[in-house]
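Examination of the molecular architecture
Given next are the chains, with one letter for each unit.
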Amino acid sequence: MRHFHSLFPLIFFVIIILSLVFPVTWWPSRPDPPQTRRDMACGAPRGRPELPGARRDTAGGVPRGRRVLGMATKHLTWRAAVLTAVTTAAACVCLWGGAGREDANEQGLGGWPAWAPPASCECRAMFTVGACGLEAVAARRPGDAVWAAAVSGVATARAGQEVSLMPRLATLARYLPRLFRVRVVADGGVHGDALANRAGHAWLLRPCAVHLYTAQDVATCARLHLAATGAPLRLAFVGDSRVRNTLQAAVRASSGAVQFSVPGVGLDAAVSFLDSMAHHDQPLRAHGLELRLHWATFLHRPRQPEDQSLQGARDLLEAWAAGRAGPREGDGPPPHVVYVSSGLWDTSMAGGGAEAVEGFVHTLGVVAPLLQALARRARVLWHVHGPIKPWLATRGAPNAELDMINRAAWARLGGGDVWLWDSRTVLGLRQHEECRALHAAGLHALAPRSWGCTNFQHAGRDVEHAAANMIWNLACNARMDRPAHLCCAADPPPPPAEDV
């Protein structure tokens, strides 16, 4: 449709010409004026000699061809003027509206071009287990009754039945490869791979493969996106520490080839952010890339920087859902990918129990319509929570409440355009079980800190790097023309971004 707009001037020019040449076929002729009137066809008195060979019309003694032209011109004086004005105005409107806009099916409201969901189920299956059908996941291990029962349990829990979701995902996780391997040396120390990464471990859950992105790959993706669209690739992380850690992993994955900086501060602030526990907004910019943490503990609240523990994101999501730039300086227009998390602080502030779940359900009731509207403009990923490590928790681990929060999210967001990201939850559950085994052996405190076995509520870098790699596959595979067997490679790349 976008190319059709260029034909509007030609179409309306042809209409105007046709109205001038063939108006008598459109409007019935009116009676001739009295004989004393001058001939309106050429302004000459009626006694003017006729053209040689012309037939006379018995009604008025005027040559027939001249009489037809005279009627056309008489009727044209006001009708053609009106038609010309209308068609010219219509052409201007079409040109104005078509110059920078897409077809209604290709853009969101507010002039922001949509990344039209849903994308292929293969791309979605990188994030949501069984996006192409859970029966396809069950068929990955034919004849395995335990695997089949776990897959069936996932379907039941997502459907809102009184069945826990997390234990079924944990069963699937046990089929994934073991990553943490330690070697105890003579002095009692433990050696393990601090750079362990689960990026390729979820192959059993999805119908496509992932590319393992290097720093140079990320830099190339950013350069190609900027060249194709004239604007940077924008990724937003809205929520608490669980999305912050994934943002930090995404920056680490590009370290060396991409130079991030904090606007107005410089490179040092970007480097220091990587190992921080930031509870504040954090913009990061590089050539062709904009990554930003929008810190929020309770999404349904408006933002109030004076109390970060009660920080919200409602005003930001409302603006983006309507296709507008966020209300604060630096918010920017709707990003291409938005990763959202909520619920963890409900369990912490409310102390667990039904009150925590009720608080989250209220939050979800406010933001779910905003996220669904935003998902028609950008790719929205919703964090599905994994468990807290109860052997490290200083108070009761609210894993039952987190499971209910996950099921509530499925009840409200499942089946829509928001992608619920539980493939990373499965990776986190595999890591959870490996850390439990190290703890039982008394080795968890000696394992590399990057494994996360001593962090009671966060996954290790092995999971975060795998999650960041999935985001790069989503944002870059199509732009970089990756082979079709890779997830998201056959889907349209992110559209040109327009500053609002």
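Predicted, not measured: the structure shown is a model, and the values here were computed from it.

1. Examining the nonpolar core
- Counting residues in hydrophobic clusters, the biggest one holds 108 residues, and the most contacted among them are L289, L291, W382 and W472.
- Residues in contact with L291, not counting those within four places in the same chain, are L235, F237, L247, A250, V251, F260, Q282, P283, L284 and W472.
- With ten residues, the next largest nonpolar core counts L179, F180, A196 and L443 among its residues.

2. A closer look at the confidence of the model for the protein
- Mean pLDDT over the protein: 78, with 73% of residues reaching 70 or higher.
- This stretch, residues 1-9, has a pLDDT under 50; its non-local contacts, to residues over four places away or in other chains, come to eleven contacts.
- Confidence over residues 12-16 falls short of pLDDT 50; this stretch has nine contacts with residues more than four positions distant or in other chains.

3. What about the state of the cysteines?
- Tallying each qualifying case throughout the model produces five disulfides.
- Each disulfide pairs two cysteine sulfurs, and for C221 the partner residue is C476, the sulfurs being separated by 2.0 Å. Judged by the sign of its S-S torsion, about -85°, the cystine formed by C221 and C476 is left-handed. Highlighted residues: C221 in helix 7 (residues 215-229) and C476 in helix 15 (residues 461-476), separated in sequence by 255 residues.

4. Comments concerning the sheet that holds strand 8 (residues 419-421)
- Reading across the sheet, the six strands line up as 4-5-3-6-7-8 and stay open at both edges, with mixed pairing between neighbours. Single-partner strands in this sheet number two, and they are strand 4 (282-286) and strand 8. Averaged over all pairs of adjacent strands, the angle between their axes in this sheet comes to 15°, without regard to strand direction.
- Of the pairings in the sheet, the one linking strand 3 (residues 233-239) to strand 6 (residues 337-340) comprises four bridges and is parallel in character. Paired with L235 across the strands is V337, a residue of strand 6.
- Those strands touched by helix 15 are strand 3, strand 5 (289-295), strand 6, strand 7 (379-383) and strand 8, and its axis lies near 140° from that of strand 3.

Criteria and thresholds
- Residues numbered from 1 in each chain as written.
- Predicted model: local features only at pLDDT ≥ 70, side-chain atom pairs only at ≥ 80, totals over all residues.
- Heavy atoms only, no water.
- Core = buried A, V, L, I, M, F, W, Y, C linked by side-chain atoms within 4.5 Å.
- Buried < 20%, exposed > 50% of the residue type's maximum accessible area, 1.4 Å probe, protein only.
- Contact = heavy atoms within 4.5 Å.
- pLDDT = per-residue confidence, 0-100.
- Disulfide = S-S within 2.5 Å.
- Helix = DSSP H or I, 4+ residues; strand = E, 2+ residues; numbered from the N terminus.
- Pairing = 2+ DSSP bridges.
- Axes fitted to C-alpha atoms, helices over the stretch in contact; angles between N-to-C directions.

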